[in-house]
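Chain by chain, the residues:
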Amino acid sequence: MTAPPPSDALTGRTIWAGSIAARLGSYLRTESGSSGVLLAAIVAALAWANFSASSYDLVWGLKFTVRLGTFGLDMDLRDWVGAGLMTLFFLVVGL
């Protein structure tokens, strides 16, 4: 008699794909993994700001509107980050 196939064999995923995803997930949960992602984001932001300043300013100038009936907020991205997200950040830090 043969043993029934493992449940992973029926999903179409190989052992390599599951292993790579598990290893990457466990690495990103560590301090060195998350700091590596943060460092890559910093390098990408610095390169973008220095090589293409006009597109960088264009993104900060994008208008975002939130409306609820007749009431609404219409601000650019810089104002949303400065007023909303920074307030939320310092609220969490204060807690």
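Residues numbered from 1 in each chain as written. Predicted model: local features only at pLDDT ≥ 70, side-chain atom pairs only at ≥ 80, totals over all residues. Heavy atoms only, no water.

### Regarding the overall build of the protein
Defined as follows: Put simply, DSSP H or I for four residues or longer makes a helix, DSSP E for two residues or longer makes a strand, and each gets a number counted from the N terminus. Using a 1.4 Å probe on the protein chains alone, a residue whose accessible area is under 20% of its type maximum counts as buried, one over 50% counts as exposed, and one in between counts as partly exposed. Here the Shrake-Rupley method, with its probe set to 1.4 Å, supplies the accessible areas, and only the displayed protein chains count as covering residues.
Helix and strand counts for the protein stand at five helices and two strands. Its helices and strands in sequence order give the protein the pattern α-α-α-α-β-β-α, from N to C terminus. When burial is assessed residue by residue, the protein has 2% of its 95 residues classed as buried. On the protein, roughly 8300 Å² of surface is accessible, and the fraction owed to carbon and sulfur atoms is 71%.

### Remarks on the pairing of strand S2 (residues 71-76)
Quick note on the threshold: Here the rule is simple: two strands pair whenever DSSP picks up at least two bridges between them.
Of the strand pairs in this sheet, strand S1 (residues 63-68) and S2 are connected by six bridges, and their pairing is antiparallel. Across the sheet, the residue bridging to Phe-64 is Met-75, located in S2. The hairpin turn running from S1 into S2, its antiparallel successor, is two residues long, and Gly-69 in that turn takes a positive phi close to 70 degrees.

### Quick notes on the packing of helix H3 (residues 31-51) against helix H4 (residues 53-60)
Filter applied, for reference: Convention adopted: a line fitted to C-alpha atoms gives each axis, helices being fitted over their contacting stretch, and angles between N-to-C directions are expressed from 0 to 180 degrees. Here is the rule for angles: anything less than 35 degrees is roughly parallel, anything more than 145 is roughly antiparallel, 65 through 115 is roughly perpendicular, and the remaining ranges are oblique. Residue contacts are defined here by distance: any two heavy atoms, one from each residue, within 4.5 Å place the two residues in contact. Here the term charged refers only to Asp, Glu, Lys and Arg, the term nonpolar to Ala, Val, Leu, Ile, Met, Phe, Trp, Tyr, Cys and Pro, and the term polar to all other amino acids, Gly among them.
Axis separation between H3 and H4 bottoms out at 5 Å; the angle between their running directions is 110 degrees. In terms of orientation, H3 and H4 fall into the roughly perpendicular class. In contact with Trp-48, Ala-49 and Phe-51 of H3, H4 contributes Ala-53, Ser-55, Tyr-56 and Val-59. Each residue belonging to the contact of H3 with H4 can be placed in one class, and the counts come to six nonpolar, one polar and no charged.

### Side note on the confidence of the model for the protein
To keep things clear, this is the line we draw: On a scale of 0 to 100, pLDDT captures the predictor's confidence in every residue.
In this model, the protein carries a mean pLDDT of 81, and residues with pLDDT of at least 70 account for 81%. Here helix H1 (residues 7-11) is the element of the protein with the lowest mean pLDDT, 55, and S1 is the one with the highest, 91.

### Remarks on a nonpolar patch on the surface
Stated formally: Patch membership requires more than 30% relative accessible area and the absence of a salt bridge. Residues of like charge join within 9 Å; the nonpolar side chains Val, Leu, Ile, Met, Phe, Trp and Tyr join within 5 Å. Salt bridges, as used here, are contacts in which a Lys or Arg side-chain nitrogen is within 4 Å of a carboxyl oxygen on Asp or Glu.
On the surface, a nonpolar cluster with roughly 560 Å² of combined accessible area is contributed by Leu-85, Leu-88, Leu-91, Val-92 and Leu-95. In this fold, Leu-91 is placed in helix H5 (residues 77-94).

### What to know about the packing of aromatic side chains
As a reminder, the rule being used: Ring geometry is summarised as follows: Phe, Tyr and Trp rings, the Trp one being its six-membered ring, pair when their centres sit within 6.5 Å, and such pairs are stacked at plane angles under 30 degrees, edge-to-face over 60 and tilted between the two.
This structure, assessed with the given rule, holds three aromatic pairs. An angle of 70 degrees between the planes, with centres 6.4 Å apart, marks the rings of Tyr-56 and Trp-60 as edge-to-face. With Tyr-56 and Trp-60 both in helix H4 and four residues apart, the pair spans about one turn of that helix. The exposure class assigned to Tyr-56 is partly exposed, which follows from its relative accessible area of 26%. Among the aromatic side chains, those forming a connected cluster through ring pairs are Trp-48, Tyr-56 and Trp-60.

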